[in-house]
Structures are given as C-alpha cells and as structure tokens.
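Here is what each chain is made of, one letter per residue.
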Amino acid sequence: MPILPPLSDSEVSEELRTIFEKSKRGSGSDNMVRTYAHNPELLQSFLQFYGGVWKGSIDPKLKEMVRYRVALDGQCMY
C-alpha cells in the first residue's frame with residue numbers, strides 16, 4: 001500500500017480529471033499524476049518538466065526503456 005495514495009476522480013476538479021485522462025492515454029497509467037495532485041503546484045511543475053523530457057529527438061521507445069530501467073533500479077512499482 002502506498003504511503004500517499006493517488007487521488008480519485010471524486011477528490012479532484014474537472015481540470016485535474018482531464019490531466020489524468022491525458023496521462024493515462026499517453027503512458028497507460030495515471031497513478032503518478034494522481035499522486036502529485038495532492039500538491040497542485042508540484043503537479044504543474046512536474047508536468048512542465050516531464051513535457052520537456054518527452055519532447056525532442058530521442059526515440060520514444062528508448063525513453064520508455066530508460067524510464068522502466070530507472071523504476072526497476074529504484075525498486076519502484078512500474
């Protein structure tokens with residue numbers, strides 16, 4: 001069980017639900033942004049950072065492999 005559980009749809013605004021849906025479509029999961037949503041300022045900063053990471057010329061498959069490897073190394077549920 002997580003220390004800080006992801007927020008449910010009933011706990012957030014329509015704007016945040018839209019962000020959750022976009023995240024789920026993009027990566028298959030929205031747990032991370034649902035957890036960041038406990039602090040909306042932190043969530044917005046994270047989304048700006050993460051958006052920049054995913055833009056650029058590096059192959060998206062390679063980015064996903066790196067993301068997965070970092071999760072494994074950090075013993076983080078992926």
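Refer to the structure presented above.
About the cut-offs
- Residues numbered from 1 in each chain as written.
- Predicted model: local features only at pLDDT ≥ 70, side-chain atom pairs only at ≥ 80, totals over all residues.
- Heavy atoms only, no water.
- Helix = DSSP H or I, 4+ residues; strand = E, 2+ residues; numbered from the N terminus.
- Buried < 20%, exposed > 50% of the residue type's maximum accessible area, 1.4 Å probe, protein only.
- Contact = heavy atoms within 4.5 Å.
- Areas by Shrake-Rupley, 256 points an atom, 1.4 Å probe, with all protein chains shown as cover.
- Lys, Arg positive; Asp, Glu negative; His and termini not counted.
- Charge placed at Lys NZ, Arg CZ, Asp CG, Glu CD.
- Salt bridge = Lys/Arg side-chain N within 4 Å of Asp/Glu carboxyl O.
- Axes fitted to C-alpha atoms, helices over the stretch in contact; angles between N-to-C directions.
- Parallel < 35°, antiparallel > 145°, perpendicular 65-115°, else oblique.
- Nonpolar A, V, L, I, M, F, W, Y, C, P; charged D, E, K, R; others polar.
- Expected span 1.5 Å × (residues − 1).

### Description of the overall build of the protein chain
Scanning the protein chain from terminus to terminus reveals four helices and zero strands. Secondary structure elements of the protein chain occur, N-terminal to C-terminal, as α-α-α-α. Across its three principal axes, the protein chain shows a C-alpha extent of roughly 35 × 30 × 20 Å. A buried classification covers 18% of the 78 residues belonging to the protein chain. Intrachain contacts of the protein chain at a sequence separation of at least 6 include 32% that bridge at least 24 residues. Only carbon and sulfur atoms are counted for the fraction: they give 60% of the accessible area of the protein chain, which is about 6,300 Å². Looking at the protein chain, you have 10 positive and 10 negative side-chain charges, and the mean spots of the two groups are 7 Å apart.

### Some words on the pattern of salt bridges
With the rule as written, the count across this model stands at five salt bridges. A salt bridge links Glu14 to Arg17; the nearest nitrogen and oxygen atoms lie 2.8 Å apart. Here Glu14 pairs with Arg17, and both are found in helix H1 (residues 14–27), just three residues apart, close to one helical turn. A salt bridge links Arg67 to Glu64; its shortest N-O distance comes to 3.7 Å. With Arg67 and Glu64 both in helix H4 (residues 60–73), this residue pair falls three residues apart, about one helical turn. Residue class for Arg67 comes out partly exposed when judged on its relative accessible area of 22%. Overlapping salt bridges, with partners in common, bring together Asp9, Asp30 and Arg34 in one network.

### What about the packing of helix H3 (residues 40–54) against H4?
Two quantities define a packed helix pair, namely the angle between the axes and the distance from one axis to the other. The interhelical angle for the contact between H3 and H4, taken along N-to-C directions, is 130°, at an axis separation of 10 Å. Regarding the angle of H3 to H4, the classification is oblique. Taken together, the residues of H4 that come into contact with H3 (itself represented by Tyr50, Val53 and Trp54) are Pro60, Lys63, Glu64 and Arg67. A breakdown of the residues in the contact of H3 with H4 according to their chemical character gives four nonpolar, no polar and three charged.

### Some remarks on H3
Between its first and last C-alpha, H3 extends 21 Å over 15 residues, near the 21 Å set by a 1.5 Å rise per residue. Just downstream of H3 lies Gly56, where phi reads positive at about 115°.

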